[in-house]
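Read off the chains here:
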Amino acid sequence: MPTAPLSLRSELNARGIDDNSIARMVRRGELVRIRQGAYTDPDWWNAADGPVRHLLRARAVLARAESDAVLSHI
C-alpha cells in the first residue's frame, strides 16, 4: 500500500481551508480525523487495515510533536 496521505491542520489552513471548513469536511465524510490536528483521505482510511492505520496515527504524532520524538514498539 502506498504512503497514506496525511494533512495537518496547519497545512490545510495554509491552503486556505479554515477550521470551520475542516469541521464541515469531517462531518460530510470528506476527511477523516486521525487525531487532533491530523487528517487523511476517507477512501484510503477505509481501505487500510489495523496495522496500517496504527502507522498513520504514529506518523501524525511525530508530525505534531513539538520536540525531537522517537517512537518505538507497538
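Being a predicted model, the structure only gives us computed values, none of them experimental.

Caption draft 1: Broad picture of the side chain of T40. Positionally, T40 belongs in strand β3 (residues 38-40). According to the relative accessible area criterion, T40 is buried, its value standing at 2%. Of the polar contacts made by the side chain of T40, one reaches the backbone oxygen of P5; its length is 2.4 Å. In this view, T40 contacts P5, L31, V32, I34, W45 and L56; residues no more than four positions away in its chain are not counted.

Caption draft 2: Just the pairing of strand β2 (residues 32-35), in detail. Pairing of β2 with β3, which is carried by 3 bridges, proceeds in the antiparallel orientation. Within β3, the position partnered with R33 by the bridge is Y39. In this antiparallel pair of consecutive strands, β2 and β3, the connection spans 2 residues, and G37 shows a positive phi of 80°.

Caption draft 3: Highlighting the environment of E11. Relative to the elements of secondary structure, E11 occurs in helix α1 (residues 9-14). Using a relative accessible area of 38% as the deciding quantity, one classes E11 as partly exposed. Note: C-alpha distance between E11 and G37 (26 residues apart in sequence) is 9.8 Å.

About the criteria used
Residues numbered from 1 in each chain as written. Predicted model: local features only at pLDDT ≥ 70, side-chain atom pairs only at ≥ 80, totals over all residues. Heavy atoms only, no water. Helix = DSSP H or I, 4+ residues; strand = E, 2+ residues; numbered from the N terminus. Buried < 20%, exposed > 50% of the residue type's maximum accessible area, 1.4 Å probe, protein only. Polar contact = N/O pair within 3.5 Å; in protein donor to acceptor, adjacent residues only side chain to side chain. Contact = heavy atoms within 4.5 Å. Pairing = 2+ DSSP bridges.

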